Amino acid sequence: MLRNYLKFALRNIKRNKGYSSINIAGLAIGMACCILITMWVLEELSFDRYHENAERIYRVGHELTIGGISRTAPLVSLPMAPAMVSEYPEVVNAVRFSKSGRTSVRYGDKVFYEEGILFADNSVFDIFSFPLVEGDPGKALTAPLTAVLCETIARKYFGDENPIGKTLLCNDNRNFTITGVVKDVPRNSHFTFDILCSYETLVKEEAWRSEWGNIVDYAYILLEKNNDYRALEAKLPALIDKNFGEQLQQIGVSIKLFLQPLTSIHLNSHMMGELAGNGNIDYVYLFSGIAVFILLIACVNFINLATARALGRAKEVGMRKTFGAVRSKLIRQFIGESILFSLLAVILALLLLELFLPLFGSITGRELSVSFWQLPWFIPGLLVLVLLVGLAAGSYPAFYLSSFRPIKVLKGDLKSGRTNARFRSVLVIFQFTFSITLIAGTIIVYNQLNYVRSVDLGFQQEQVVVIPNMNRFRLSQQESLKNELSGLAGVVDVALSSGVPGRGGSMQSFLPEGFSEDQSQLIAVMKIDERYLPAMGIELVSGRNFSKAIATDSVESVIINETAAAKFGWDEAIGKIIKQTNPESEEGGYLSNTVIGVVKDFHLSSLHEPVEPLIIVNKYEPFLETIRFLSIRLEPGNIRNTMDLIANRWSNFNSNLPFDYFFLDESFAKQYRHDEQLGNLVLSFSLLAVLIGCLGLLGLSSFTAEQRTREIAVRKVLGASIVGIVRLMLREFIFLVLLANVFAWPLAYLIMKRWLESFAYHVDIGMGVFVLTALISMVIAVITVGYQAVKTAILNPVEALRHE
Amino acid sequence: MIQLRNITRYYASGSLNTYVLRRINLDIREGEFVCVMGPSGAGKSTLLNIIGMLDDASEGEYHFLDYNVHNLKEKQRSQLYKEYIGFVFQSYHLIDELTVYENLETPLLYKKVKSSQRKSMVCDTLDRFQIVGKKDLFPSQLSGGQQQLVGIARAIIAEPKLILADEPTGNLHSEEGKKIMELFTRLNEEGVTIIQATHSEQNASYSKRIIYLKDGWLVDNL
C-alpha cells in the first residue's frame, strides 16, 4: 500500500508540474531562510559557551554616579580584581585585560598595524579555554614584555619559523618576547585578540594604573562551582568603601561594582567601552520571528494551493471511498504526500543554501562558513523540520480533502465552497500582512539610514584625512608635522585634537558656576588647538575661538557647546566660570576656567546618541587628555595627489612607522555598520517573503482562474470586454492585499518605532511610507495575478463552454 | 441577415485535419425560426458558435447584416454580438455567485446601460417571464426549467435581433421543454430571429424551417 501511495504521489507531482514546482520552490525558499536564520541564531546564542568554565566566569563592571547621573562601563581599575580574589574565598581566580589601541608591530622588515592586542594576566589560560599550541600555559605571560600570538598572526610574522623566543617591536618602543602560540580565538567570542601581551608589563611600566580610581581595564573572575554571583555582588560595595571610599566621598562620586555572567555579555551588554561590538538579543528575537513567519508563509502557500486544487482530487477521494477507504487512511495518505513535498523541498533548500551562504555572509559581515553538515544536530534537525513542515502544511488539506462525500463528488456535484474560499482569503491576508510589514520595515530602515547619512552633523566631514596615534610624539614634534603639512599644495587646514567625531573622547568632572560643591558634573572633554574649529567648519554661536596671541587661552579658557550652556542654565555663557578639581593639589583644590565661546552643537558620536554637553579646552596641563589626532582638510579634487605628498612628508617625519590614516567621513559612517547590515538583512528577507507569497498568489490565482473559466466565458459571451474581465479578476486579490496593508501598517509602525528609538535622532514614520508600501504591494500583486487574469480573459469562451 | 458561404471548420489533430463543418452555404433572413438538427457530433454546436461569432470558421465567408464577419477583428466582433445576439445554453450557464436579478442585469452592465434604465429593463423582463418572486434567489435554488427561463430572459433582455439556442431543453423534462418552446415561438412572433440546435423532433416542430447536418455536411435544408 505504501508503495502504491508513493508511486501515486510521485506521479501526481510529475503530472501537475506547475503546481508541484510552485509548492516545492515556496517551501524550499522558506526552509532555506529558516535554516539560515536558525544557524545564525544558534551561533549568537553559542557565544562564549565553548569555555569549559563558561558558567562560572563573570565580568566585573562599575557604575559611577556623579551629580545624580550614572554611567556604567565594563571597566575596573588594576587593584580591584586581585582584591576580590584575596578578600572573598568564592572568587577562585581573576584575569585583567587592557586593550591596546592600533599598534605598529615590527619583526625585521615586516611591519603592520595591529588592532587586536590585549594585555592579559597569565591566569587567562586558567580561566578561559584558550589552548596553547606552543609554550607553557603556566607561565607564558607571567613576566613583563612577553607575548603570546594567535596561530594566524604567528604565521603572518614568522611564516614557518618557530616564533618562540623571538621578539616583536611594538610602537617602536617596546620589545616583546614571544613565549607561546595560542589557537585562534573562535568566532563566537564576545572579545577576540590576535596578540596577548603580559599584563605585568603594564604593572611594571605604568604606575598610574595602580590607583583605585583609574578605571581603565577589564577584569573577569572565576567563581567557585554553584555559587550565586548576586550574593558576591552584594558584598562588593564594602570592598570599594574599604579601599577608596573616603576619596570618592571627597569628590562627590559613588562607584558600585557589578558582575555580568560571561554567557550573557554578547547579547545583553551594550555599554560604552565594550571590548567588541556585541550582538543584540532583540535581533535574535526579531530574526527568529522572521524565520518562523517565512516558514509559515511557505506552509500557507501549500495549504492554499492544496485546498484550491481540492476539486482536482475530489474524484480520486470519491473513488477511494467507494473502494472502502476510511477517512483516517486518506488523511494519512495526504499527510504522507505533504511530507514527501517537504522532503523534496528540504533537498532544494540545501542546494539554495550552498549557493547563497556566501551572499548572506557578505550581507551580515559575518561568514557562516562552518560546513553545516558537520554539526551533530544538523541532520536530525532537518528531519524534524521536514516532519514539522509536512504536518503544518498537510494537516488542513488532508482533513479537508478526506471529508468529501463520494456520491456528491462522483455526481460532479462538488462546488467550491464559499467557506473554503474565505479561508483561503484569510491565509492570503496573513501572508501579505507579514510581507508588507517587512516591506514597510525595509523602507523605514533605509529612510533612517539615508537620514543619518545626509543630516547636518554640525561639522563638515568630507575631505578630512585624520592621522591617529599622534600621542606617540612630543608636543613639539606634533607642531612641526602640523606646520610642515599645512604648507602643502591641496591642504586647506591642519589641526590637532584629542578626539575626532566618531572616535575618542573622555569625561571629567567639572563644577560650573551656579552649582554647589556636591553637584559636580561629569562632562565630555575635548582638547583642540586653535585651528580645529575653523578646519572642521564648526560654527561659533557666540564669543571667540582660542587664539595663540592670548596667553591665558592655553591656561584657563574653555569653549562649551550649546547643549552644555543649556544644561547649566546659562543664557549668556561668555565669562562664566567652570571649576575643576586640581589633580596636582593634594587637598582637593579647584582650578578655574573662563568660558570664552559657545559652539553650535555638533555630533561627536553617532546619531544613536544625543549630543552631550561638551567642554573644549586648549591647554595642555593639567588635563589628562592628550592630543591623539591630526586632522587635515583637503581641497576637493586631486585628493590622491595630495595624499601622496602627505605620505611623503610622513616618511621624512618618521620613517619607522608606516603612514596610517583614515578619512573622517568613512570612519564616522562605520558607526552605522550594524544598522546597514540590519537594513540589508531585512531587505533580503522581505524580498524572499514577497517571493514566496507571490508564488502562492500565482498558484492560487491560476486555480481561481481555472475555477472561474466558465463564469468568465459566460461573461464574455454576454459582452464583457477583456479589460473588464481582467479588472474583475484582479479586484478580489487587490482587495485582499489592501486589507493586508491595513493589518501590516500598525504592526510595522510598532516594531519600527522601537528600532528608531535606538537613535536619538531619527525620521518620523509618516504616511508616505505606508502609501509607498501599499503601492509596492499592489504592483506586486497586480503583476503576479495579472498574468493569469489576462490569460484567462483572452481565452476563447467556446473552449470553456464546449465541454459541459 | 445571415449569409454563410462555404463555411468550413476543422481542427488540426496531428497531421490530419478533423472536419467538423464542410462547405456550409446557408442564408437566414430576419424573423425566421430555424432549427438545426442532426446526430451528436454532426457540427450543430460548431455552426451555432460560428454564427454567434464565438468561433472562427477555418475557411469561407460569413456576412452578418452589413458586416463581413470573417474580416472583423475580435473586438469589433464582440461589439457586434453584444449588440445583436443573445445566447441560450443547454446547461444554462448562469453565474452561480449572482442572484437572478443580477444575472439579468449583467449583459446590460456590459452594454453600459444607465442604472435607472437598467432597473426598469430588468423589472420589465422579470415581469414578462413571471419570475419577479425569484429575483433574489441564486441559480442553485431554482429548478432546471426555471434556470433556463432566466437564461432566456438574460439572452433577450438586451433586445437582440438574433437568439442562438444550443439544445435549450436538453437538460429539461418535457413539460418544461414545452414551455420554453412556446416562449421561443412568442418571441419569434415579436420579430426576434431564432436559431436553435436540437435532437428533439418535438422541439423542431415549433420552428418554421429545419436544417439537417450530418458529419459536417448540410444534408437537408427545408
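Along each chain, residues carry numbers from 1 onward, in the same order as the chain's sequence is written. Numbering of ligands from 1 and lettering of chains from A proceed in the order in which they are written. For a predicted model such as this one, the threshold for reporting local features is a pLDDT of at least 70, and the threshold for listing and counting side-chain atom pairs is 80 or more; totals across whole chains, interfaces and linings nevertheless cover every residue. To obtain the side-chain values, all non-hydrogen atoms of the structure were used and water was disregarded.

Asks: Outline the overall build of chain B, supporting the account with residue identities and numerical values.
Replies: Here a helix means four or more residues in a row that DSSP labels H or I, a strand means two or more in a row labelled E, and each is numbered from the N terminus. A tally of regular secondary structure across chain B gives seven helices and ten strands. In terms of overall size, chain B behaves like a compact globule, its C-alpha atoms giving a radius of gyration of 17 Å where 222 residues would be expected to give roughly 17 Å. Counting only residues that meet the buried cut, chain B has 53% of its 222 residues in that class. Positive and negative side-chain charges of chain B, numbering 26 and 28 respectively, have mean locations separated by a distance of 3 Å. Our radius of gyration is a C-alpha quantity, and the globule rule it is checked against amounts to 2.2 Å times the number of residues to the power 0.38. Only protein chains enter the accessibility calculation, which uses a 1.4 Å probe; a residue whose area is less than 20% of its type maximum is buried, one above 50% is exposed, and one in between is partly exposed. Residues scored as charged are limited to Lys and Arg (positive) and Asp and Glu (negative), so that His and the chain ends carry no count. To locate a charge, take NZ of a lysine, CZ of an arginine, CG of an aspartate or CD of a glutamate.

Asks: Give a description of helix H11 (residues 327–364) of chain A that names residues and reports values.
Replies: Since there are 3.6 residues in each turn of an α-helix, residues three or four apart along the chain are aligned in direction. Given a rise of 1.5 Å per residue, 38 residues ought to cover 56 Å, yet the end C-alpha atoms of H11 of chain A are separated by just 49 Å, more than 12% below that figure. One fitted axis covers the seven residues ending at a residue, a second covers the seven starting there, and the bend at that residue is the angle between these axes. Phenylalanine 356 of chain A marks where H11 of chain A bends most, by close to 45°; the proline proline 358 of chain A follows one to four residues later. Expected span, for any helix, means 1.5 Å times one less than how many residues it has.

Asks: Mind laying out helix H12 (residues 378–401) of chain A, listing which residues take part and the relevant values?
Replies: All names here are of chain A. In a regular helix each residue adds 1.5 Å, so 24 residues correspond to 34 Å; H12 covers 34 Å between its end C-alpha atoms and thus fits that length. Maximal helix bending in H12 amounts to about 40°, located at glycine 394; proline proline 397 follows within four positions. Of all the positions in H12, only Phe378, Leu382, Leu385, Val386, Val389, Gly390, Ala393, Gly394, Pro397, Ala398, Tyr400 and Leu401 are classed as buried.

Asks: A description of the sheet that holds strand S10 (residues 217–221) of chain B should follow, citing residues and the corresponding values.
Replies: Remark on secondary structure: sheet strands pair via backbone hydrogen bonds, oriented parallel or antiparallel. All names here are of chain B. Here a strand pair is declared whenever DSSP counts at least two bridges between the two strands. Sheet architecture is open: six strands sit in the order S6-S7-S8-S3-S9-S10, paired in mixed fashion. For this open sheet the edge positions go to strand S6 (85–88) and S10, each flanked by a neighbour on one side alone. Taken over all neighbouring pairs, the strand axes of this sheet differ in orientation by 20° on average, direction set aside. As judged from the five bridges shared by strand S7 (residues 162–166) and strand S8 (residues 193–198), these two strands associate in the parallel manner. Bridge pairing in S8 places aspartate 166 opposite alanine 197. Note on contacts: a residue pair is in contact if any heavy atoms of the two residues lie within 4.5 Å. Axis definition: a line fitted to C-alpha atoms, limited for helices to the stretch in contact. Angles are taken between N-to-C directions and run from 0 to 180 degrees. Each of strand S3 (33–37), S6, S7, S8 and strand S9 (209–214) touches helix H1 (residues 44–51); the most contacted strand, S7, lies at about 155° to it. Sitting on the sheet, helix H6 (residues 174–189) touches S3, S6, S7 and S8, and the angle it makes with S8 is about 155°.

Asks: I'd like to hear about the interface of chain B and chain A, residue by residue, with values.
Replies: Many authors give the size of an interface as the accessible area that is lost as the parts come together. On the side of chain A, 17 residues touch chain B, which itself brings 20 residues to the contact. Taken together, the two surfaces of chain B and chain A that pack against each other cover about 1800 Å², and 56% of this comes from carbon and sulfur. Simply put, the buried area is the total loss of 1.4 Å probe accessible area from both parts when two parts are fitted together. Taken as a group, Leu54, His93 and Tyr110 of chain B account for 32% of the area that chain B buries against chain A, more than any other trio of residues on that side. Salt bridge, as applied in this entry: a Lys or Arg side-chain nitrogen positioned within 4 Å of an Asp or Glu carboxyl oxygen. The interface formed by chain B and chain A holds zero salt bridges in total. Each polar contact in these results corresponds to two N or O atoms within 3.5 Å; when the atoms are within protein, one needs to be able to donate a hydrogen and the other to accept it, and residues that are neighboring in sequence are counted only if both atoms are side-chain atoms. Joining chain B to chain A, the criterion identifies two residue pairs in polar contact (both at pLDDT 80 or more). Listing elements by their share of the side of chain B that touches chain A, those giving two or more residues are helix H2 (74–84) and helix H3 (100–110) of chain B. Split by residue class, the side of chain B that touches chain A holds ten nonpolar, four polar and six charged. All residues other than Ala, Val, Leu, Ile, Met, Phe, Trp, Tyr, Cys, Pro, Asp, Glu, Lys and Arg, Gly among them, are scored as polar; the first ten of these are nonpolar and the last four charged.

Asks: Go over a positive patch on the surface, please, and point to the residues and values.
Replies: Side chains of Lys7, Arg11, Lys14 and Lys17 of chain A sit close together on the surface and give a patch of like positive charge. Its location among the elements puts lysine 17 of chain A in helix H2 (residues 17–45). Residues with no salt bridge and a relative accessible area higher than 30% make up the patches, which join like charges within 9 Å and nonpolar side chains (Val, Leu, Ile, Met, Phe, Trp, Tyr) within 5 Å. Computed by Shrake-Rupley with a 1.4 Å probe, the accessible areas treat only the displayed protein chains as cover when residues are assessed.

Asks: I'd like a description of the pattern of salt bridges, backed by residues and values.
Replies: Residues and elements named next belong to chain A. What the rule picks out here adds up to 33 salt bridges over all chains. Of the charged contacts in the structure, one is a salt bridge between arginine 715 and glutamate 711, with a shortest N-O distance of 2.9 Å. You can see arginine 715 and its partner glutamate 711 sitting in helix H21 (residues 673–717), four residues apart, about one turn around the helix. Pair check on accessibility: arginine 715 and glutamate 711 agree, each one buried. Residues joined in a network through salt bridges with shared partners are Arg174, Glu205, Glu206, Arg209 and Asp217.

Asks: Give me the environment of lysine 579 of chain A: which residues, what numbers.
Replies: All names here are of chain A. By the element assignment, lysine 579 lies in strand S21 (residues 577–581). Owing to a relative accessible area of 32%, lysine 579 belongs among the partly exposed residues under this scheme. When neighbours within four sequence positions are excluded, lysine 579 is seen to be in contact with Phe510, Leu511, Tyr590, Leu591 and Ser592.

Asks: Go over the sheet that holds strand S4 (residues 59–64) of chain B with me, naming the residues and quoting the values.
Replies: Residues and elements named next belong to chain B. The strand order across the open sheet formed by four strands is S2-S1-S4-S5, and the pairing between neighbours is antiparallel. The strands lining the two open edges of the sheet, one partner per strand, are strand S2 (16–28) and strand S5 (67–68). One ladder, built from five bridges, connects strand S1 (residues 2–13) with S4; its direction is antiparallel. Bridge pairing in S4 links leucine 4 to tyrosine 62. On the sheet, H1 packs against S1, S2 and S4 and is oriented at approximately 120° with respect to S1.

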